[in-house]
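Examination of the molecular architecture
The primary structure of each chain is shown beneath.
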Amino acid sequence: MTSDDALRSRIANNLERVRERMATAAARAGRSLESVRLLGVTKYSSLAETRVLFESGCHDLAESRPQDLWDKAKELTDPNLRWHFIGHMQRNKVRRTLPLLHLLHSLDSERLLLELESEAARVNLRLKVLLEINISGDETKTGLAPDSIEAVVEKALASPHIELCGLMGMAGLGTDNESARPYFERLRELRNKLQAKYATANLNELSMGMSGDFEAAIEAGSTMIRVGSALFE
Ligand SMILES: *Cc1c(COP(=O)(O)O)cnc(C)c1O
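Anyway, here's the lowdown on the structure attached to this text.

Cut-offs used in this document
- Residues numbered from 1 in each chain as written.
- Predicted model: local features only at pLDDT ≥ 70, side-chain atom pairs only at ≥ 80, totals over all residues.
- Heavy atoms only, no water.
- Helix = DSSP H or I, 4+ residues; strand = E, 2+ residues; numbered from the N terminus.
- Rg over C-alpha atoms; globule rule 2.2 N^0.38 Å.
- Buried < 20%, exposed > 50% of the residue type's maximum accessible area, 1.4 Å probe, protein only.
- Areas by Shrake-Rupley, 256 points an atom, 1.4 Å probe, with all protein chains shown as cover.
- Lys, Arg positive; Asp, Glu negative; His and termini not counted.
- Charge placed at Lys NZ, Arg CZ, Asp CG, Glu CD.
- Axes fitted to C-alpha atoms, helices over the stretch in contact; angles between N-to-C directions.
- Parallel < 35°, antiparallel > 145°, perpendicular 65-115°, else oblique.
- Left-handed = near helix turned anticlockwise from the far one by under 90°.
- Contact = heavy atoms within 4.5 Å.
- Nonpolar A, V, L, I, M, F, W, Y, C, P; charged D, E, K, R; others polar.
- Near = heavy atom within 4 Å.
- Polar contact = N/O pair within 3.5 Å; in protein donor to acceptor, adjacent residues only side chain to side chain.
- Core = buried A, V, L, I, M, F, W, Y, C linked by side-chain atoms within 4.5 Å.
- Pairing = 2+ DSSP bridges.
- Right-handed = clockwise from strand over helix to strand, strands pointing away.
- Salt bridge = Lys/Arg side-chain N within 4 Å of Asp/Glu carboxyl O.

Quick notes on the overall build of the protein chain
Assigned secondary structure in the protein chain consists of nine helices and eight strands. Since a compact globule built from 233 residues should have a radius of gyration of about 17 Å, the 17 Å found for the protein chain is in line with a globular shape. For the protein chain, the spread of C-alpha atoms along the three principal axes comes to 55 × 40 × 30 Å. Here the protein chain, with 233 residues, has 49% of them falling under the buried criterion. Only carbon and sulfur atoms are counted for the fraction: they give 48% of the accessible area of the protein chain, which is about 11,000 Å². Each charge class in the protein chain can be summarised by its mean position, and for the 31 positive and 34 negative side chains these summaries are 3 Å apart.

Thoughts on the packing of helix α6 (residues 149–157) against helix α7 (residues 177–197)
For the pair α6 and α7, interaxial distance at closest approach is 12 Å and the crossing angle is 50°. Here α6 lies oblique to α7, going by the angle between them. For the pair α6 and α7, the sense of crossing is right-handed. Residue-level contacts link Ile 149, Glu 150 and Val 153 of α6 to Leu 190, Leu 194 and Lys 197 of α7. Among the residues making up the contact of α6 with α7, the classes are represented as four nonpolar, no polar and two charged.

Things to note about the site of the ligand
All residues in the neighbourhood of the ligand are listed as Val 41, Lys 43, Ile 86, Met 170, Met 210, Ser 211, Arg 226, Val 227, Gly 228 and Ser 229. Separating an oxygen atom of the ligand from a side-chain N or O atom of Lys 43 is a distance of 2.6 Å. Surface burial for the ligand is 85%, taken as the share of its 390 Å² of free accessible area covered by protein chains. The residue makeup of the shell around the ligand, split by class, is five nonpolar, three polar and two charged.

Some details on the nonpolar core
Leu 116 and Leu 131 are the most contacted members of the largest nonpolar core, which has 65 residues in total. Ranked by residue count, the leading element in this core is helix α1 (residues 3–28), at seven residues. With residues up to four places along the chain from it excluded, the contact list for Leu 116 reads Val 94, Leu 98, Leu 104, Leu 107, Leu 127, Val 129 and Ile 162. In terms of nonpolar packing, the next biggest core, distinct from the first, is built from nine residues, Val 41, Ile 86, Leu 130 and Cys 165 among them.

Focus: unusual backbone geometry
Of note in this structure, Asn 124 is not a glycine but carries a positive phi near 55°. In this structure, Asn 124 sits in the loop between α5 (110–122) and β5 (127–133).

Things to note about the pairing of strand β1 (residues 37–41)
Two faces belong to every sheet, and in a regular strand the side chains alternate between them. Across the five residues of β1, four count as buried, placing the element largely inside the fold. In terms of strand pairing, β1 meets strand β8 (residues 224–227) through four bridges, oriented parallel. In the sheet register, Gly 40 faces β8, and the bridge partner there is Val 227. Relative to strand β2 (residues 60–63), β1 is paired through two bridges, and the arrangement is parallel. Each residue of the ladder has a partner; that of Val 41, found in β2, is Ala 62. Once you follow β1 into helix α2 (residues 47–55) and on to β2, the crossover reads as right-handed.

Regarding the packing of α1 against α2
The description of two packed helices rests on the angle between their axes and on the distance between the axes. Relative to each other, α1 and α2 sit at 55°, their axes nearing to 10 Å. Between α1 and α2, the angle falls in the class oblique. The hand of the α1/α2 crossing is right-handed. Contact residues: Leu 7, Arg 8, Arg 10, Ile 11 and Leu 15 in α1; Ala 48, Glu 49, Val 52, Leu 53 and Glu 55 in α2. For the contact of α1 with α2, the class distribution of residues is six nonpolar, no polar and four charged.

Side note on the pattern of salt bridges
The full count for this structure, using the stated rule, is 17 salt bridges. With a shortest N-O distance of 2.7 Å, Glu 215 and Arg 21 are connected by a salt bridge. Residue Glu 215 is located in helix α8 (residues 214–219), and its partner Arg 21 is located in helix α1; the two are separated by 194 residues in the primary sequence. Accessibility expressed as a relative area gives 26% for Arg 21, which makes it partly exposed.

Pasting the structure below:
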């Protein structure tokens with residue numbers, strides 16, 4: 001077996017195991033597997049590993065640093081590949097990143113929103129975004145504090161080149177499935193409350209769940225799980 005074969009079978013096995021875990025959690029929650037999208041987080045992965053994951057059938061890939069996304073997007077040009085951005089976006093990286101994106105998960109300030117709207121208007125596209133919410137309250141975690149959310153939602157809904165699709169959040173530090181569950185439920189409740197208040201919005205997406213806690217996230221209503229280590233270990 002060549003090292004390329006070994007890489008392919010390792011990633012294919014990991015992908016199968018993750019999909020089985022997804023299916024079990026979805027069944028337990030009475031949901032269809034198709035209602036949850038798997039995003040492969042490639043931030044610690046080489047270009048070769050990333051390519052193999054895509055070729056194994058994971059067509060949604062996520063990066064947390066603009067430069068890494070630029071580098072990989074230059075090499076991986078299949079039109080079926082959808083790039084997601086899940087890290088902190090500095091405003092001076094917006095111009096180069098925005099045309100590559102399928103979805104930005106990490107809108108975390110009004111200043112960033114203004115920059116995204118202005119750049120999307122300049123190049124005449126409509127950018128899909130999620131609001132990143134600091135659900136755990138950990139100071140080390142990024143995201144909007146719950147009490148500043150409504151102002152940003154209103155500005156996003158009034159931005160013609162921004163399409164607000166839902167919310168993203170992370171459980172607290174060092175949580176597992178059981179301890180993460182209340183955070184995910186809190187994010188879903190917040191989404192439901194916002195959806196009820198802003199009837200014209202379409203807040204269908206809930207981006208929550210990582211390698212160690214995605215079963216709890218799926219049971220709490222996640223529509224997108226962001227999985228890195230479980231796919232590449
Ligand atoms: C790294 C990262 C992930 C993936 O974490 P794993 O535990 O490796 O699955 C998910 N979401 C965000 C925002 C990340 O930065």
